[in-house]
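Below, each chain spelled out in residue letters.
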4 protein chains.
Amino acid sequence: MDRLELLQTYRAVRAQTTFLADRLAPEDCTAQSMPDASPVKWHLAHTSWFFETFVLTEGPIEHRPFDPAYAYLFNSYYNAIGEQYPRARRGLITRPGLDEVLRFRAHVDTGMERLLHECEDQSLASLAPVIELGINHEEQHQELILTDLKHLLAQNPLAPRYADAPPPEISQPTPLGFVSFAGGLVEVGDANEGGFAFDNERPRHKVWLEPFSVANRLSTCGEYLEFMQDGGYERPELWLSEGWNLCHSRGWTAPLYWKRRDDGWRHFTLTGMRRVDLNEPICHLSLFEADAFARWSGARLPTEAEWECSAVAQGHGEHFAPSPALHPRALRRISPGGQTAGPGEVAGDTLHQMFGDAWEWTASAYLGYPGYRPVEGALGEYNGKFMANQFVLRGGSIATPRRHFRPTYRNFFPADARWQFTGVRLGR
Amino acid sequence: MDRLELLQTYRAVRAQTTFLADRLAPEDCTAQSMPDASPVKWHLAHTSWFFETFVLTEGPIEHRPFDPAYAYLFNSYYNAIGEQYPRARRGLITRPGLDEVLRFRAHVDTGMERLLHECEDQSLASLAPVIELGINHEEQHQELILTDLKHLLAQNPLAPRYADAPPPEISQPTPLGFVSFAGGLVEVGDANEGGFAFDNERPRHKVWLEPFSVANRLSTCGEYLEFMQDGGYERPELWLSEGWNLCHSRGWTAPLYWKRRDDGWRHFTLTGMRRVDLNEPICHLSLFEADAFARWSGARLPTEAEWECSAVAQGHGEHFAPSPALHPRALRRISPGGQTAGPGEVAGDTLHQMFGDAWEWTASAYLGYPGYRPVEGALGEYNGKFMANQFVLRGGSIATPRRHFRPTYRNFFPADARWQFTGVRLGR
Amino acid sequence: MDRLELLQTYRAVRAQTTFLADRLAPEDCTAQSMPDASPVKWHLAHTSWFFETFVLTEGPIEHRPFDPAYAYLFNSYYNAIGEQYPRARRGLITRPGLDEVLRFRAHVDTGMERLLHECEDQSLASLAPVIELGINHEEQHQELILTDLKHLLAQNPLAPRYADAPPPEISQPTPLGFVSFAGGLVEVGDANEGGFAFDNERPRHKVWLEPFSVANRLSTCGEYLEFMQDGGYERPELWLSEGWNLCHSRGWTAPLYWKRRDDGWRHFTLTGMRRVDLNEPICHLSLFEADAFARWSGARLPTEAEWECSAVAQGHGEHFAPSPALHPRALRRISPGGQTAGPGEVAGDTLHQMFGDAWEWTASAYLGYPGYRPVEGALGEYNGKFMANQFVLRGGSIATPRRHFRPTYRNFFPADARWQFTGVRLGR
Amino acid sequence: MDRLELLQTYRAVRAQTTFLADRLAPEDCTAQSMPDASPVKWHLAHTSWFFETFVLTEGPIEHRPFDPAYAYLFNSYYNAIGEQYPRARRGLITRPGLDEVLRFRAHVDTGMERLLHECEDQSLASLAPVIELGINHEEQHQELILTDLKHLLAQNPLAPRYADAPPPEISQPTPLGFVSFAGGLVEVGDANEGGFAFDNERPRHKVWLEPFSVANRLSTCGEYLEFMQDGGYERPELWLSEGWNLCHSRGWTAPLYWKRRDDGWRHFTLTGMRRVDLNEPICHLSLFEADAFARWSGARLPTEAEWECSAVAQGHGEHFAPSPALHPRALRRISPGGQTAGPGEVAGDTLHQMFGDAWEWTASAYLGYPGYRPVEGALGEYNGKFMANQFVLRGGSIATPRRHFRPTYRNFFPADARWQFTGVRLGR
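Treat the numbers as computed from the prediction; the structure is a model and nothing was measured. (Residues numbered from 1 in each chain as written. Chains lettered and ligands numbered in written order. Predicted model: local features only at pLDDT ≥ 70, side-chain atom pairs only at ≥ 80, totals over all residues. Heavy atoms only, no water.)

## Section: the domain arrangement of chain A
Residues and elements named next belong to chain A.
Okay, so step 1: You can read the domains of chain A as domain 1 (3-154) and domain 2 (178-423).
Okay, so step 2: One C-alpha centre belongs to domain 1, the other to domain 2, and the line joining them spans 28 Å.
Okay, so step 3: Of all residues in domain 1, Y77, E143 and K150 bury the most surface against domain 2, accounting for 27% of the area lost on that side.
Okay, so step 4: Our count for the contact surface shared by domain 1 and domain 2 stands at one salt bridge.
Okay, so step 5: As a salt-bridge pair, E139 and R403 come within 2.9 Å of each other at their nearest N and O atoms.
Okay, so step 6: Summed over the shared surface of domain 1 and domain 2, the number is 15 residue pairs in polar contact (both at pLDDT 80 or more).
Okay, so step 7: Within the residue set of the side of domain 1 that touches domain 2, elements represented by two or more residues are α3 (40-56) and α6 (121-154).
Okay, so step 8: Here the side of domain 1 that touches domain 2 gets 19 residues from one element, more than from any other, and that element is α6.
Okay, so step 9: Across the side of domain 1 that touches domain 2, the residue classes break down as 16 nonpolar, eight polar and six charged. (Domains from an automatic or database assignment. Buried area = accessible area lost by both parts, 1.4 Å probe. Salt bridge = Lys/Arg side-chain N within 4 Å of Asp/Glu carboxyl O. Polar contact = N/O pair within 3.5 Å; in protein donor to acceptor, adjacent residues only side chain to side chain. Helix = DSSP H or I, 4+ residues; strand = E, 2+ residues; numbered from the N terminus. Nonpolar A, V, L, I, M, F, W, Y, C, P; charged D, E, K, R; others polar.)

Structure, rendered in structure tokens:
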């Protein structure tokens, strides 16, 4: 990106983060519902800490840190920078309050504006990759703000809403089909042609694929309910051993946020408790549930290379139109005359819902690509040190910023994680 | 109390509770630092829930509950009323926010005002004991607001203050002495002569005491430091077995809130980090530490009957002058001419610091007095069901409302609790 | 005891310990079912370690320790002697094996025989109290051998037997009655008149008692079953708060070792799974269950002073005839002609089953008597350091050696302990 | 295998299992040191349960199960067969004792002899794959007998020996070198040409490999000690995030079984405590330690495909000569004249210690090969359900039965496992 593009993107992304918190009270921004999820206030501060630490403090324009103690408080996991306040106790940091954290954001923004205006071209060239990383980093935290907040609000028996509930949509089922691919020796990973990519998307490399097919859409709540009604959670032969044990020790009998009511299933969403729409994509599944469901379906999860190949082959133009329900929506069907009626419609052999609906669990463990090397220094801790005991997810959810939709993007979470918008696309 | 006295006391106590929260931001009022401690906001709501549940809903004046869901959210432990939101997760209730909880308080206050003005004398007579209990209950929570908040703020590496720090006082040591009592067949417990008392202070009953003596003042930080420097925390022969194990498993090497600095010990107080004053009463000890310290001193903890007898014999007129440091202060010494110079001074055989400085651990397990019966109904759960595996504390701390200072008052906490203002007076 | 009596008692007690293990295989003697219970092999070794450490090593006759490493391995909790192998891992000590431990016992016995024969009178006089303590200590472990082994065998789904099952007895109900006592200023505790007593039974001291009464027999399985069928385990108003929480977190719905079968309740005993006899004493209750049952019965648990007074007043001559079932038996009724037919019969106002059936939970916390001082040195750790968060039990069970039956004996266990033979006698 | 070969292999493997337990006392065979490790007695019984359940009960020759309860007691994890006794409590099963378990083995052996002699060819043909699986299964448990026992004995402060200690060998260092491979499109996995393989080794499939090299030998204790002395355990930049956290929470500062003494490092082996030989292969590392060490070495762990290709290319003829120390030995060096002097010597570009020394952690997560399908029925639970959150190990250790050494063999353990003989070969 050039100077102007950096500046504009920086401003837009920073504004979007603050916008997400705008409708929240200080109380909502402070609490932490589990060690894996962080308070909104922490996300607001940590993303600013990132720019202050890796750009402003390192940069050519003098910058006074807002508060030296923040280096400790808002460092997430960068050991090379120093010790960190314990992750599980982030909800106990009542001060700085929300107001003070917003002042911290403004302080960093002022510094960044100065830097982006005043620093020389040569300096900027060396800082640009870090700034761009910071922007993408902040966008990742925008998604976490929504998923972490959803988890927090779900703990409250009053089922409070993040946003007003839109009127319910009327949906229709879309037949499940499979699209076939020939496989062979393919290339996956970022080709390094100028667009932003995280280091874990590189290097581009060859992979041999046997012929495979993937489903034309995400699996639905209705299909998952069939699995449940067929004893899905009580049949060990469908499960990975660790998943089966977790089911029992944690009492899983439905996706996260689902509650059975006398008249059927409801689930908690960012716009309140809603009746489950059988045609909408199932989400908030662990890898173990997605895998057991796939096995029950006589299918399997795609590998990440299969997913990437199919995404590249089919284009990925169906990005989400913002969902006012803040939840994945059912596909709209092909209109009778065969014309498609806008984004999200089903057509022929197209792969639908590849981006912007729900993250798709893959059968691939999150490991470094052949020849992977993290960058030098503290930023090398960004991705590489998490390459064990996690699975790759592909695509992107309704909470994912649009710029993150690309075939090579590798999201990753532990197999038992359920609080992200995580769904399943079948493969064979 | 008559109608007017009830009304005035109710108003004063309710106002004082809100006053305690006045200087706090919503963030401070929301977080919970451990299962044993509750958020300030929860205390504000629960004390109101108490009046709404036990007085307004039961009373003769029609009252619409502020929100039916609060019956579940803000019930502490009254099983007879219904299920309770899990204690350990109170910090996750971000809504209702602080504002809404203050509206709940106002709603309850309006109801109480109406009831206290309008209900007939006969009704009032039957409700008065419950109202009085509710007032005393709220005062107990005033103390918890301070101790729970102190624990929360102490988790923050920024060591934030609840109140501004007063200038440090200059203190002087006061010699330790013992006052002797003859013992014999004595009576302890509330005599039921009209003043308020909790059910656990009754019935008044006979106890045989051997001759005993108790220290003329609380043990000091200086004395406790000697214990520490003499290897107090490393000498198993000084400790109860369970205490010794806790020392190791929890890593106790000093009282709660103490931090060693290069130039000596500091401790966290509600007015910030302060240098430890060697002459001030030691506090934030567990029963185990108090007991080990007493053994090291060649003494023991008094029993609750001994404490009560000595308090009755000596009067208990030395109530605290409010401590601006929000921490127990050193005794002021007798002035040269022998005149005492106000509250807190040392004179002859007087027992000092019996009330209003720090709670005093006793050697007595918290059990029902002979013939003890809890009241019928849900309020019977107030005290009686906790009579196992706790120890009695006597006196009262700087955080205790003044009306709670009486010789028969029985406070109780588990032996490992350290976040109350808990100290030690030696006995023999 | 004089030299000869010491010698004879030592021999008899040591032989009895080995006898208890005689019918067990090495496997049974090695395993540990929970941290609170120890392997039989460990009991065999630890009781020998006691004599080697406190008598032989200290004594006038030269003694070579069997293996210096045992000082660490078989020290239970005497910090003054040195560090201890972790209690929870005693089941991992497969070597020394059972044979080797029996050789250790023989080695210690040889040393003790020599000492008891050869040492001079003066030396013996100073050692005799320690030897006598060691003998009583070993008898306490005889009881633990049976209770710990029972707990271990109960974990095995094959329900293996320690001893052959005797033919079932036919029992009859005995009416529950209460015996009244006047109370007043009484003396309790060991009078120091020559018989052995533990330090925690002293000093004898005055206690004031209000008039009270205690039940003429232990409560029965039939009575407890009524409590269960009346929702005893589902009614929070009957329970101490901590007990209620334990009920839920541990899933208690019946006494330990009870299993519901289609045709009624069975329980695991040392002679195998047996049908519950409704007339036999209920046992394997926690203090919490005993307390809830008493409350449900409209009664309460006696205090330890009440128990002791009533035991003294009534004599305690009904010691158990050894129970071949290794389980408390139902009372035998008065024969038609009015003659009693031997031990265990019911007569008039007599208190039955005071000793030798099941330990009786009292309402008293285990604390030191007024003026209590542990002995100097390591043996001071025997009793005193456990005086917190335990309750006193009185009487003695079918597993208790006969010499331990005395009115002043204070047994103690945490309120949640259920693996001892612990029952309930009602008081008022 | 034909009938005779099956019979002979069955007999030999069964005899070897019993032989491993021969020198152990019943106590050693009963205890369980952690949930992951099982008692020797359990291994003896479970391997027999396997034949009784999957062969004898299913087979054409009538067979009476030794004890119906064993179906529950000795089922490891086959949900399709029924419920299982809890894994973590296997050490509490003192009965059946060792003798009885040996009788169970004999009972199963008698049944298998009859079946292998008497059943018709057609029946045998269908049973042979299961019998062969049972034989390989039992060999896997032979390795576990040694590793689980080692972990148990290591808990004993007496450091008891499984076997007599051989005299220490004198070793010399061997230079570390790397052997290069061209990569390209290769095939890995079992080719299904008749030899036994587990289902997880299939199907054979294509993989694209970039050029790579692997070390000519395992890394040594001396090299690992350099890592330790260079702050290996204190430098977060060397570690995967989860490994770094484990290091701290579990207090890892050296490989499992290492103890620092004043004169250097010792480690516990099956032949007792021994001085660490700097030239012998490092083992008892977790994946996290192996990975951190590799990173510190400027290298990485090989993938399982790289390992398999290099093993195939180099042959695998250097199987272990039985190590009397029951521990991996140092390589013997090339003799001056260039002649090799027997197994284990170093020559040119050869890959040494590929089999029979220590398992080698790879960088590959344990997942199903493309097209992998577990067999139908209960035996499908053998491997497939563990394909999440584990890493692949290749090669084989001194405890591995010889018939298991093959390039396609896939061992797998969680990344934190350290009680197997697990070491590291560097790759690039």
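Next comes the rest of the description.
## Thoughts on the pattern of salt bridges
Okay, so step 1: Applying the stated rule across the entire model yields 115 salt bridges over all chains.
Okay, so step 2: For E308 of chain B, the salt bridge is made with R394 of chain B, and the minimal N-O distance between the two is 3.0 Å. Residue E308 of chain B is located in helix α10 (residues 304-314), and its partner R394 of chain B is located in strand β9 (residues 391-394); the two are separated by 86 residues in the primary sequence. Each member of the pair E308 of chain B and R394 of chain B is classed as buried.
Okay, so step 3: Where D121 of chain C meets R3 of chain C, a salt bridge forms, and the shortest distance between an N and an O atom there is 2.6 Å. Of this pair, D121 of chain C sits in helix α6 (residues 121-154) while R3 of chain C sits in helix α1 (residues 3-22); the two residues are 118 residues apart in sequence, bridging distant segments of the chain.
Okay, so step 4: Here R3 of chain C falls in the partly exposed class, since its relative accessible area comes to 24%.
Okay, so step 5: A single network of salt bridges, built from pairs that share partners, joins R14, R105, D109 and E138 of chain A. (Buried < 20%, exposed > 50% of the residue type's maximum accessible area, 1.4 Å probe, protein only.)

## Overview of the interface of chain B and chain C
Okay, so step 1: Each partner contributes to the interface: chain B provides 24 residues, whereas chain C provides 24 residues.
Okay, so step 2: Together, the buried faces of chain B and chain C total about 2000 Å²; carbon and sulfur atoms form 64% of this surface.
Okay, so step 3: For chain B, the biggest contributors to the area lost against chain C are W208, K385 and N389 of chain B; these three give 27% of the whole.
Okay, so step 4: Inspection of the chain B/chain C interface yields zero salt bridges.
Okay, so step 5: Our count for the chain B to chain C interface comes out at four residue pairs in polar contact (both at pLDDT 80 or more).
Okay, so step 6: Of all the secondary-structure elements, those providing two or more residues to the side of chain B that touches chain C are β3 (205-209), α8 (241-250) and β8 (359-365) of chain B. (Contact = heavy atoms within 4.5 Å.)

## Details of the sheet that holds strand β5 (residues 258-261) of chain C
Residues and elements named next belong to chain C.
Okay, so step 1: Judged by pairing direction, the sheet is antiparallel, and its three strands sit side by side in the order β5-β6-β7 without closing on themselves. With partners counted over all chains shown, the strands left at the sheet margins are β5 and β7 (272-275), one partner each. Here the average twist between neighbouring strands, direction ignored, is 35°. (Pairing = 2+ DSSP bridges. Axes fitted to C-alpha atoms, helices over the stretch in contact; angles between N-to-C directions.)

## Brief notes about the interface of chain A and chain B
Okay, so step 1: Counting from both sides, the interface comprises 30 residues of chain A and, opposite them, 30 residues of chain B.
Okay, so step 2: In this assembly, chain A packs against chain B so that about 2300 Å² is buried in total across both faces, 57% of it on carbon and sulfur atoms.
Okay, so step 3: If you sort the residues of chain A by the area they bury against chain B, E27, L92 and R95 of chain A come out on top, with a joint share of 31%.
Okay, so step 4: The interface formed by chain A and chain B includes two salt bridges.
Okay, so step 5: Its salt-bridge partner being D28 of chain A, residue R95 of chain B comes within 2.9 Å of it at the nearest N-O pair.
Okay, so step 6: Linking chain A to chain B there are 14 residue pairs in polar contact (both at pLDDT 80 or more).
Okay, so step 7: Sorting the residues of the side of chain A that touches chain B by element identifies α2 (26-30), α4 (70-73) and α6 of chain A as the ones contributing at least two each.
Okay, so step 8: Ranked by residues supplied to the side of chain A that touches chain B, first place goes to α2 of chain A with four residues.

## Some points on α10 of chain B
Residue and element names in this part refer to chain B.
Okay, so step 1: Burial analysis of α10 places eight of its 11 residues in the buried class, which makes it a mostly covered element.
Okay, so step 2: Buried within α10 we find E304, A305, E306, W307, E308, C309, S310 and A311.
Okay, so step 3: Looking at the packing, one finds that the buried side of α10 touches β1 (178-181), β2 (184-188), β3, β4 (212-215), β8 and β9.

## What to know about the relation of the copies chain A and chain B
Okay, so step 1: The two copies are related by a screw operation: chain A maps onto chain B through 180° of rotation and 0.1 Å of translation along the axis, at an RMSD of 0.0 Å. Considering both components of the superposition, the chain copies are consistent with a two-fold axis. Across chain A, the rotation axis passes nearest the C-alpha of E27 of chain A, at a separation of 2.7 Å.
Okay, so step 2: Counting the interface residues of chain A, we find that 100% of their copies in chain B are interface residues as well, pointing to one common contact surface. (Least-squares fit on C-alpha atoms with pLDDT ≥ 70 in both.)

## A closer look at the packing of aromatic side chains
Residue and element names in this part refer to chain C.
Okay, so step 1: Going through the model one piece at a time under the given rule, you end up with 144 aromatic pairs over all chains.
Okay, so step 2: When the ring of Y10 is compared with that of F51, the centres are 5.0 Å apart and the planes differ by 80°; the resulting orientation is edge-to-face. Residue Y10 is found in helix α1, and its partner F51 is found in helix α3 (residues 40-56); the two are separated by 41 residues along the sequence.
Okay, so step 3: Residue classification places F51 among the buried residues on the basis of a relative accessible area of 1%.
Okay, so step 4: Consider the rings of F50 and Y78, whose centres lie 6.4 Å apart with planes at 75°: the pair is edge-to-face. (Phe/Tyr/Trp six-rings, centres within 6.5 Å; stacked < 30°, edge-to-face > 60°.)

## Here we look at the arrangement of the chains
Okay, so step 1: If you take every C-alpha in chain A and every C-alpha in chain C, the smallest gap between them is 14 Å, and the two do not touch.
Okay, so step 2: Contact between chain B and chain D is absent, and the least distance between their C-alpha atoms amounts to 14 Å.

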